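Spelled out, the chains give:
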Amino acid sequence: MKLPPHRRDPLRIAAAVQRLSGLALALFLPAHFLVLGLAIESPEALDSFLSLTQNPVVKVAEIGLVLLLGLHFFGGLRLLAVEFLPWSPRQKTYAAGALAAAITLSCCFLLSVTG
Amino acid sequence: MVLGRGAEMLDLRLYLLQRLSAMVMAPLVLGHIGMMIYAAQGGLTASEILARTQGNQWWALFYGVFVLAAAIHATIGLRVVLHEYLKPPPRLLNSVALALFVCLVALGARAIMAVVL
Amino acid sequence: MTDTLQVDIWRGDTNGGSYSRYAVPAQESQTILDVVTWVQRHAEPGLAYRFACRVGMCGSCAMMVNGAPRWTCRTHVRKASKDGKLTIAPLRNMPVVKDLVCDMAEFFDKWIKAGSVFTPTETRNDPMAAIKPDEPDRMNANAAIECINCGVCYAGCDTVEANPDYLGPAALNRAWTLVNDRRDGAGSERLSTISKAGGCHSCHTHQSCAALCPNLLNPTASIAGLKRKTAKAALGLGTRR
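Note that this is a predicted model, so its numbers are computed, not measured.

Looking at helix H3 (residues 105–113) of chain C
Residue and element names in this part refer to chain C.
- Listed in full, the buried residues belonging to H3 are Phe107, Lys110 and Trp111. One side of H3 holds all its buried residues, which, seen down the axis, span an arc of 110 degrees. The exposed residues of H3 that point more than 90 degrees off its buried face are Ile112 and Lys113.
- Tucked inside the fold, the buried residues of H3 contact helix H5 (152–155) and helix H7 (169–179).
- Note on H3: the residue one or two positions beyond its end, Gly115, has a positive phi of about 75 degrees.

Some remarks on the interface of chain C and chain A
- Of the residues lining the interface, 21 residues belong to chain C; the matching set on chain A comes to 17 residues.
- Summed over both sides, the interface between chain C and chain A buries roughly 1,500 Å², with carbon and sulfur atoms accounting for 54% of that surface.
- The tally of links between chain C and chain A comes to four salt bridges.
- When the shortest N-O distance is used, the salt bridge between A:Arg7 and C:Glu161 registers 3.2 Å.

Focus on the domain arrangement of chain C
All names here are of chain C.
- Along its sequence, chain C is organised into domain 1 (4–102) and domain 2 (105–234).
- Computed from C-alpha atoms alone, the centre-to-centre distance between domain 1 and domain 2 is 29 Å.
- Facing 13 residues of domain 1, the contacting portion of domain 2 comprises 16 residues.
- For the pair domain 1 and domain 2, the two sides together bury roughly 1,100 Å², of which 61% comes from carbon and sulfur.
- Taken as a group, Trp71, Arg92 and Asn93 account for 47% of the area that domain 1 buries against domain 2, more than any other trio of residues on that side.
- Our count for the contact surface shared by domain 1 and domain 2 stands at two salt bridges.
- Glu161 is paired through a salt bridge with Arg92; the nearest N and O atoms lie 3.0 Å apart.
- Across the contact surface, domain 1 and domain 2 share five residue pairs in polar contact (both at pLDDT 80 or more).
- Here the side of domain 1 that touches domain 2 gets three residues from one element, more than from any other, and that element is strand S4 (residues 68–71).
- Within the side of domain 1 that touches domain 2, the residues separate by chemical class into eight nonpolar, three polar and two charged.

Procedures and definitions
Residues numbered from 1 in each chain as written. Chains lettered and ligands numbered in written order. Predicted model: local features only at pLDDT ≥ 70, side-chain atom pairs only at ≥ 80, totals over all residues. Heavy atoms only, no water. Buried < 20%, exposed > 50% of the residue type's maximum accessible area, 1.4 Å probe, protein only. Helix = DSSP H or I, 4+ residues; strand = E, 2+ residues; numbered from the N terminus. Arc of directions from axis to C-beta. Contact = heavy atoms within 4.5 Å. Buried area = accessible area lost by both parts, 1.4 Å probe. Salt bridge = Lys/Arg side-chain N within 4 Å of Asp/Glu carboxyl O. Domains from an automatic or database assignment. Polar contact = N/O pair within 3.5 Å; in protein donor to acceptor, adjacent residues only side chain to side chain. Nonpolar A, V, L, I, M, F, W, Y, C, P; charged D, E, K, R; others polar.

Structure, rendered in structure tokens:
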């Protein structure tokens, strides 16, 4: 399906990324809390779950999560600047910067989990 | 005049609360990611996590604020998404949002207790 | 360039409709409005569409052209279509009356709802207000006053589509000009009105309005200004009036 012209604008796509990453993080949050809550039973219960993180597929998913968090975080900083600082005409530059920062962040995490 | 009083100003209050929670979370997210990058080296183990957090009131405060701000931020965001795509009646929408908020805070508090106590 | 354009025009009314195809002779410097006018004069006398000034001032000829809202009198065929194929439909986010004519009543009702009426604080007997061209408020208003009410931003706004209560970019942009008008006396009421459900805080900064506005205005920047003013007022900071 082809996007209608107004949805192909980079800043419109940035807004969609903000919403989709936020939605994904909100759905991840309860799962994250539940896993940590396993330690309330016993550290072993948490450990048996954490051993999953050695699985390459889970590692890729983790890096994806960090990327989503980075996109939402840096994209969110741009939106806070739009809403609380005087208008800047360089929005596309800032959106590109947010993307670059999010990718850099997930690469740092990638090095950490594979190192 | 101070805006924000009365039920009809709910959207304004939620808008402010969402931005405020975002500003509170900004440094916490950086701390959390830094921690993850540090902790994920050489694999995650429960003993490693618990050794860092158990009995540490600073981590309890850090994550207590983080859980509360994240629960506020996520609930307001989900409320907007539900409103725009499903268009439920306002009372149902607000009840669902409140339920989501309570669940997130309860699960978050349980997670903090699990790793700090 | 082809010598014939393949033009699909939406035909119907409130009960629905479909596209009809017309072959229209291509010409140099032809606008979309020229194409629609040719169809009405030579192929489909019953075709309903709106236009008045033909020079980009009246704001009555906006339509969806190949999926994007545009002012048709100032949009060249060459700009809207590379291959000589055009799809022309009534503006999005508004009910259709007939063919390319949509009902703009709600669009304009929302202008009124957003507090877009100037409320004078003085009479004609008072001396003229001395507002310098380089005052910050005047410059804020200046950047937003050239709106021609064409509805292009409203038709291109996904937030309007998702949230029918949302006042929309044009109405809020107008409110921003008045918030910056020192002569206006309804400042605090206006800030209160646009803070209710569907007001400026419903905007998600898609910036489609700024990308699409034919007069190169930036309603997103105006709405961001309103968000700052209302946030300050709500927090009791810097209440100016």
